[in-house]
Amino acid sequence: MAPTKHTWQGLRLEIMTPKFPPGPGAYFRPSRDYPYGQGACFQSLSLEEVSAEFDRSIIEWEGSTCPQILSRMFAQEQNLFPNVVITQCVRIALGTFARPILLEEDCMYGTSDEANSSMRQLVALVKMLEMLRKTHAITDVYFQEPLFNGVEIAFLTNLGYKVLQDPEAKDKITNSTFLFAPHCEHSVATQHLQKCFPAFYVGNDPEYILRKDQRCREAGHSSIFAPYPDIPVADTFARFAEATFVTKLYRKLNPMWQGDLTVRWLKAGSRVVDVRSDKR
Ligand SMILES: C[S@@+](CC[C@H](N)C(=O)[O-])C[C@H]1O[C@@H](n2cnc3c(N)ncnc32)[C@H](O)[C@@H]1O
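Bear in mind the structure is a predicted one, so any value in this text is a computation, not a measurement.

Enquirer: In this structure, what is going on with the packing of helix α1 (residues 47–62) against helix α5 (residues 150–158)? I would like to understand it.
Expert: Helices that pack against each other are described as a pair by the angle of their axes relative to one another and the distance between those axes. For the pair α1 and α5, the least separation of the axes is 9 Å and the interaxial angle reads 55°. Comparing their axes, α5 and α1 come out oblique. Where α1 crosses over α5, the handedness of that crossing is right-handed. For the pair formed by α1 and α5, the contact residues are Leu47, Val50 and Ser51 on the first element and Val151, Glu152, Ala154 and Phe155 on the second.

Okay, structure coming up:
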């Protein structure tokens, strides 16, 4: 029988120490939601359990309004952006399917739904790739997530995807890449937009983040990008916003998929943008 998310018995215990500690951002969710840090504890699922969760999420997706919303959007927008060519996909920051071990104190703030959210995002990506492949010859699909354990790597590999080690994904972003990065930290997203803007992007809305930063500063607070003094987050987001056409996904895909996400298509003429070499 497939385990529910409340079934703890029989699951293996695993201690994971992320290789890449996130920067402390003003809007980054605190450790109650995301148990980072030394010795953060997760209960990992077996390969069979991850597969069962995946199958369950596919059924959930098919029964929701998401397929209709997305296929309508793709049908309209692929006509609007005939110059966009997508040959590969890079998924950064999927998260882990392992369940964080929460103490009663953690539950004071509400429990984390991170693992479910990662699985839903994987299903959304699989379904988007199915739609995109009707008109784009997408060959390789790469995943990079420092938290992946062996089971997750094996599961994604079995699906035909390639798992990269940080920082390999940066070099995979080209002007014909689909970059899928929902809820990726600002600093990490920026680092993956610096070499080249992707042809197609689904992820946090850079314009929303910039507006939020502006509002924050107007209210007398420090910039939300202050924790990353060496990473040109605001500049990169502004250029990326300028270089792309946007569709808002916000609310439309809720409650299946929460967040202020956008879909962005690269404008013709903005195809290759090496921000690192631009001293403007
Ligand atoms: C805020 S979590 C989002 C997880 C999941 N997508 C969600 O929406 O629930 C950000 C994720 O980015 C991952 N991450 C951090 N650095 C990364 C890197 N260099 N490349 C890829 N993923 C990274 C973290 O491990 C974390 O799982």
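Enquirer: Would you mind showing me how to read the site of the ligand here?
Expert: Surrounding the ligand, one finds 21 residues, the nearest of these being Ile92, Ala93, Gly95, Ser117 and His183. The leading source of residues in the shell around the ligand is helix α4 (residues 114–132), at four residues. When grouped by side-chain class, the residues that make up the shell around the ligand number eleven nonpolar, six polar and four charged.

Enquirer: What exactly am I supposed to notice about the environment of serine 118 here?
Expert: Inspection of the secondary structure puts serine 118 in helix α4. Overall, the presence of 23 C-beta atoms within 10 Å leaves serine 118 in the buried class. When the C-alpha positions of serine 118 and leucine 94 are compared, they lie 5.6 Å apart, and in sequence the two are 24 residues distant. Beyond its immediate stretch of four places on either side in the chain, serine 118 contacts Leu94, Gly95, Thr96 and Phe97.

Criteria and thresholds
Residues numbered from 1 in each chain as written. Predicted model: local features only at pLDDT ≥ 70, side-chain atom pairs only at ≥ 80, totals over all residues. Axes fitted to C-alpha atoms, helices over the stretch in contact; angles between N-to-C directions. Helix = DSSP H or I, 4+ residues; strand = E, 2+ residues; numbered from the N terminus. Parallel < 35°, antiparallel > 145°, perpendicular 65-115°, else oblique. Left-handed = near helix turned anticlockwise from the far one by under 90°. Contact = placed C-beta atoms within 7 Å. Near = placed C-beta within 6 Å. Nonpolar A, V, L, I, M, F, W, Y, C, P; charged D, E, K, R; others polar. Buried ≥ 20, exposed ≤ 12 C-beta atoms within 10 Å, placed from the backbone.

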